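# Summary of the model geometry
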Amino acid sequence: MKRFTDLYSRLDSTTKTNEKIAAMVDYFNGAPAADAAWAIYFLSGRRPKRLIQSRRLREWAAALTDIPDWLLVECHSAVGDSAETAALLLPAAAHSSDLPLHQWLETRILPLRELDDEQMKQQVLAWWATLDGMERFVLNKLLTGSFRVGVSQRLLTRALAQQSGIDEATVAHRLMGHWEPTPDFVAALLSHETTDADVSRPYPFFLAYALEETPVVLGSVEEWLVEWKWDGIRAQLVRRHGQSFLWSRGEELVSDRYPEVIAAAEALPDGTVLDGELLAWADGKVLPFAQLQRRIGRKSIGKKLLRDVPVLLLCYDLLEWQGKDVRHQSQWWRRERLAELLAAVDRPHLPLSEIVESDSWEALATIREESRDRLVEGFMLKRKSSPYRVGRRRGDWWKWKIDPYTIDAVLIYAQRGSGRRASLYSDYTFAVWDEGELVPFAKAYSGLTDAEMRRVDNFVRRNTRERFGPVRSVTPKLVFELAFENIQRSNRHKSGIAVRFPRILRWREDKQIEEADTLDTIKAMLP
Amino acid sequence: MSLLLELNDHGLYCAAGDFYIDPWQPVHRALVTHAHADHSRPGSAHYLIAEASLPVSRWRLGAEAPIETIPYHKPIEINGVRISYHPAGHIIGSAQIRVEYRGEVWVASGDYKIAPDPTCAPFEPVPCHTFITEATFGLPIYRWPEEAAVFGEVNDWWRQNQADGKASVIFAYALGKAQRVMTGIDPTIGPIFVHGAVNNMNRMVAQAGLSLPHSTYVNEAPAKTDWSQALIIAPTSARGTPWLRRFGAISTAFASGWMLVRGQRRRRSVDRGFVLSDHVDWEGLMLSVAATGAERVLVTHGNVPVVARYLREARGIEAYGLATPYGTDDDDATAEESE
Ligand SMILES: [Zn+2]
Ligand SMILES: [Zn+2]
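Nothing here was measured: the structure is a model prediction, and the numbers come from that model. (Residues numbered from 1 in each chain as written. Chains lettered and ligands numbered in written order. Predicted model: local features only at pLDDT ≥ 70, side-chain atom pairs only at ≥ 80, totals over all residues. Heavy atoms only, no water.)

## A look at the overall build of chain A
Tallying secondary structure elements over chain A gives 20 helices and 19 strands in all. In terms of C-alpha radius of gyration, chain A reaches 26 Å, essentially the compact-globule figure of 24 Å for 527 residues. Once the C-alpha set of chain A is aligned to its principal axes, its extents read approximately 70 × 70 × 50 Å. For chain A, the proportion of its 527 residues judged to be buried stands at 53%. Intrachain contacts of chain A at a sequence separation of at least 6 include 70% that bridge at least 24 residues. Carbon and sulfur atoms make up 48% of the accessible area of chain A, which amounts to about 23900 Å² in all. Side-chain charges in chain A split into 75 positive and 75 negative, and the spacing between the mean points of these groups amounts to 2 Å. (Helix = DSSP H or I, 4+ residues; strand = E, 2+ residues; numbered from the N terminus. Rg over C-alpha atoms; globule rule 2.2 N^0.38 Å. Buried < 20%, exposed > 50% of the residue type's maximum accessible area, 1.4 Å probe, protein only. Contact = heavy atoms within 4.5 Å. Areas by Shrake-Rupley, 256 points an atom, 1.4 Å probe, with all protein chains shown as cover. Lys, Arg positive; Asp, Glu negative; His and termini not counted. Charge placed at Lys NZ, Arg CZ, Asp CG, Glu CD.)

Quick look at the structure:
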């Protein structure tokens, strides 16, 4: 645990890529495979289910140190994180233990599930007494299922590749999908042999950056394959050895949730992997994302829901063909094979993504205007000659999105952020006018510079009207221009509308609150 | 009935003795606890400070300032009010000011800490009826680690940077913290360099009789200095400035009590945070209050409402906040600058 905590501290204290990689390489050089397995598990963003609510941890710590509730609220609000608050409240460890990470998890943390509440509490209190501050913090994070560290999958992959001498693409592929954090897994992950047996394993997704300028800079339009950019769930459909597996981009196996897609996959030949987008689709048209959302997170799907919100996989790309990894082939080659394949299987739940044909970028720009009516977000531009790459890369794939909706809204509530922003009021709720009243309609966290955020923080502290726990209501004075991607009716929201990906575009210091937009303006944007 | 010490728009005023403690406006007579800028302000007609504070106060208040000094523990009378200064353990020459009038005793502690610090005389609890305490770190999450462990971490970091070929730049408040860092680290690891602001303060504290390990002013460093072996001590204001470019590859650190909280560490965007404070932590604050035996506590400087409420509700002490501009009231972001 000490070694893993040191790794966490090193990763947490730097923003420099090289130092993060060096910290991981050092760790993997020294850690036994059983520990490395768990470290990889956590660094790749996997987490066991939450065992204890974070609120309970801080309450136990407060009770142990005789802290009244109101004081605990103050502490939590200053720290911004329950696991850390609990770790800080406790006195220094009486004695110290150095159990290896895998034993912590396998013999202590995971078996907590079997215990009742009081036993769990006694267990955790006993552990706290043997750990120093940072170890305690890491333990608390593991217990509450909220362990996060600023390392991307790509960085972890690079560190493992560097440490083992195996190329990055292979490591990335082997890290995908479902695996158990065992020494055997580490051995297979870092093995120099090339047979990769796991039937279900998907490929790392290739992700695009947003194009910030005119596509004219990309050269001739003929070199590009243009498709609509859909707002669904990016997914990979794996068909091998008579079995089908559907993976979401979050590397979650979601086969159970989309039985109609899995049924269609039966028609695919073995040794096929498709990249596509799960979309709710009815009567030849895509349904709003909110409809698809009804299917997400449902393990068991009722008949009615299946009928109301049918889902299909709109296919973009072919990654494995006739049992061979074809990602190195050109986009165009893969597209042609994909078209042939889908035509042959001919399943309505596996349609081919349409290509938008045009002879100039200007003509495309005009067609792009139809995006909102089509419920898409603009275009995807893919270089016809490009391979299917790993992770988010610039150059061969671009998202050419339509401009977001924008609106002027008034700041009415503020809350302290978390992490780096734990002591700043950086999470905001915004309102617009409705019949002379300000109604909240969106929350936004990002978009201001650090300097602006400090100024808003200052404003919040000086203009607080009421405090509700960590939230303050503030005198409505500041106007911000917000952007969002999509807009839908919603019964769950007071305003009657829900927006997707709201963010702050800029602070409109030139505007008075009377000049902010009205709910009617927003409703007029509904598709 | 008026209180022995009361706030007015110039500062904390003693009507019986007709003097102020740490006034923020010029007054005719100022009793000053210590030489940090939020407590020691120029322009008053007469100053009384602890003896050990003279060189730094002189620097802060100006060569012409009419300063009188007093040794710790020696009582004097001002207009029939009995005054004495007692060590506060905060920085060199820092004092708690004891005020006694007609049998009633008040102690204004200024800033203080109870952790050991070789750069100043240790804090002494002074029995009193009313105690004025600071509350910079007035939350139970603040619990200072042992100095030895912290300096062990600083030494390890410095050695590791040497091995990695990086200069070690540590940001610390120029008066107090910088000298504490210098006396705490192992000076045999490598050469120590200081920023101009720290160099000035070092000269002052040397005049006050404190001996520090040898250091070189950065501007006077030899042309081919190998910075990668050096520890460079700079004020917080040097963070992110072009002044740092001369050192080539650097690792940066910040020595402050705020470094205990992860969000604060990350917000400072330094490579390392070392938990080292010249203010009392929560437990130290509670112990100090108890040791004075005070039945009334006035709270300033930091987490004022929290400490006042806790003392009232959990300790049964009459306690309330005093609105002073020491430190800052509600702005965590700048509080560190007042240390
Ligand atoms: Zn001070
Ligand atoms: Zn101060």
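## Examining the coordination of the zinc ion (ligand 2)
Six octahedral donors around a metal ideally make angles of 90 or 180 degrees; four tetrahedral donors ideally make 109.5 degrees. All names here are of chain B. Looking at the metal site, the zinc ion (ligand 2) is ligated by D38 (OD), H39 (NE2), D111 (OD) and H301 (NE2), spaced 2.2 to 2.5 Å from it. Of note is the zinc ion (ligand 2), whose four donor atoms meet at the metal with angles of 88 to 166° in an arrangement that counts as irregular. We note that the donor set of the zinc ion (ligand 2) lies within a single chain, spaced as D-H-x71-D-x189-H. A distance of 3.4 Å spans the gap from the zinc ion (ligand 2) to the zinc ion (ligand 1), which D111 bridges by coordinating each metal. Pair noted here: D38 is in the loop between β4 (30-31) and β5 (47-50) and H301 is in strand β18 (residues 296-302), with a separation of 263 residues, a long-range link. Of the two residues, D38 and H301, both sit in the buried class. (Donors = N, O, S within 2.8 Å, 3.2 Å for Na, K, Ca; no water. Tetrahedral: all angles 85-135°; square planar, octahedral: opposite > 155°, others 65-115°.)

## Regarding the packing of helix α2 (residues 17-30) of chain A against helix α10 (residues 153-164) of chain A
All names here are of chain A. With their axes 9 Å apart at the nearest point, α2 and α10 run at an angle of 50° to one another. Considered as vectors, α2 and α10 are oriented oblique to each other. For the pair α2 and α10, the sense of crossing is right-handed. Note on element contacts: α10 touches α2 through L155, L156, R158, A159, L160, Q162 and Q163, opposite T17, K20, I21, M24, V25, F28 and N29. Residues belonging to the contact of α2 with α10 are distributed by class as follows: eight nonpolar, four polar and two charged. (Axes fitted to C-alpha atoms, helices over the stretch in contact; angles between N-to-C directions. Parallel < 35°, antiparallel > 145°, perpendicular 65-115°, else oblique. Left-handed = near helix turned anticlockwise from the far one by under 90°. Nonpolar A, V, L, I, M, F, W, Y, C, P; charged D, E, K, R; others polar.)

## Digging into the pairing of strand β13 (residues 437-444) of chain A
Where strand β12 (residues 425-434) of chain A and β13 of chain A come together, seven bridges link them in antiparallel fashion. Bridging across to β13 of chain A, T429 of chain A finds its partner in K443 of chain A. (Pairing = 2+ DSSP bridges.)

## Notes on the layout of surface pockets
Residues and elements named next belong to chain A. Put simply, the second largest pocket is a space of about 1400 Å³. Looking at the second largest pocket, it is lined by 40 residues, and the ones nearest its centre are S44, R46, G250, E251 and E252. Residue assignment for the lining of the second largest pocket shows that the elements contributing at least two residues are α3 (33-43), α10, α11 (168-175) and β10 (391-401). Built from parts of two domains, the lining of the second largest pocket gets at least three residues from each of domain 1 (2-143) and domain 2 (206-401). (1 Å grid on protein atoms, 1.4 Å probe; cavity = no way out; pocket = protein on both sides within 12 Å on 5 of 7 lines; lining within 4 Å. Points joined across faces, edges and corners; volume = space filled by probe spheres on them. Domains from an automatic or database assignment.)

## Digging into the sheet that holds strand β3 (residues 19-21) of chain B
Residue and element names in this part refer to chain B. Spatially, the six strands line up as an open sheet ordered β1-β2-β3-β4-β5-β6, and their pairing is mixed. Unpaired on one side and paired on the other, β1 (6-8) and β6 (67-70) mark the two borders of the sheet. Across four bridges, β5 lies against β6 in parallel orientation. Of the residues in β6, the one forming a bridge with Y47 is I67. Relative to β6, helix α1 (residues 54-61) is tilted by about 160°, and along the sheet it contacts β5 and β6.

## Things to note about the domain arrangement of chain A
Residue and element names in this part refer to chain A. As far as domains go, chain A holds domain 1 (2-143), domain 2 (206-401) and domain 3 (405-523). Every contact between the two is made by six residues of domain 2 and, on the other side, five residues of domain 3. Together, the buried faces of domain 2 and domain 3 total about 580 Å²; carbon and sulfur atoms form 37% of this surface. When residues of domain 2 are sorted by the area they lose upon contact with domain 3, D231, F289 and R372 head the list and together hold 58% of the total. Applying the counting criterion to the domain 2 and domain 3 interface returns one salt bridge. For the pair domain 2 and domain 3, the interface holds one residue pair in polar contact (both at pLDDT 80 or more). Grouping the amino acids of the side of domain 2 that touches domain 3 by side-chain chemistry returns three nonpolar, no polar and three charged. (Buried area = accessible area lost by both parts, 1.4 Å probe. Salt bridge = Lys/Arg side-chain N within 4 Å of Asp/Glu carboxyl O. Polar contact = N/O pair within 3.5 Å; in protein donor to acceptor, adjacent residues only side chain to side chain.)

## Thoughts on the state of the cysteines
Residues and elements named next belong to chain B. Following the criterion strictly, the structure yields zero disulfides over all chains and no others. The thiol sulfur of C128 is not disulfide-bonded, and the nearest other cysteine sulfur, from C14, lies at 15 Å. Under the relative-accessibility criterion, C128 is labelled buried at 7%. (Disulfide = S-S within 2.5 Å.)

## Regarding the pattern of salt bridges
All names here are of chain B. Scanning all chains against the criterion turns up 43 salt bridges over all chains. When the shortest N-O distance is used, the salt bridge between E283 and R143 registers 3.3 Å. Taken together, the residues E283 in helix α6 (residues 282-292) and R143 in the loop between β11 (130-135) and α2 (147-164) connect sequence positions 140 residues apart. Of the residues examined, E283 reaches a relative accessible area of 46% and is grouped as partly exposed. For E318, the salt bridge identified is with R296, shortest N-O distance 3.9 Å. One end of the pair, E318, is in strand β19 (residues 318-321); the other, R296, is in strand β18, with 22 residues separating them in the sequence. Judged by relative accessible area, E318 falls into the partly exposed class, the value being 43%. It is possible to trace a salt-bridge network through shared partners that takes in K113, D117, E147, R180 and D278.

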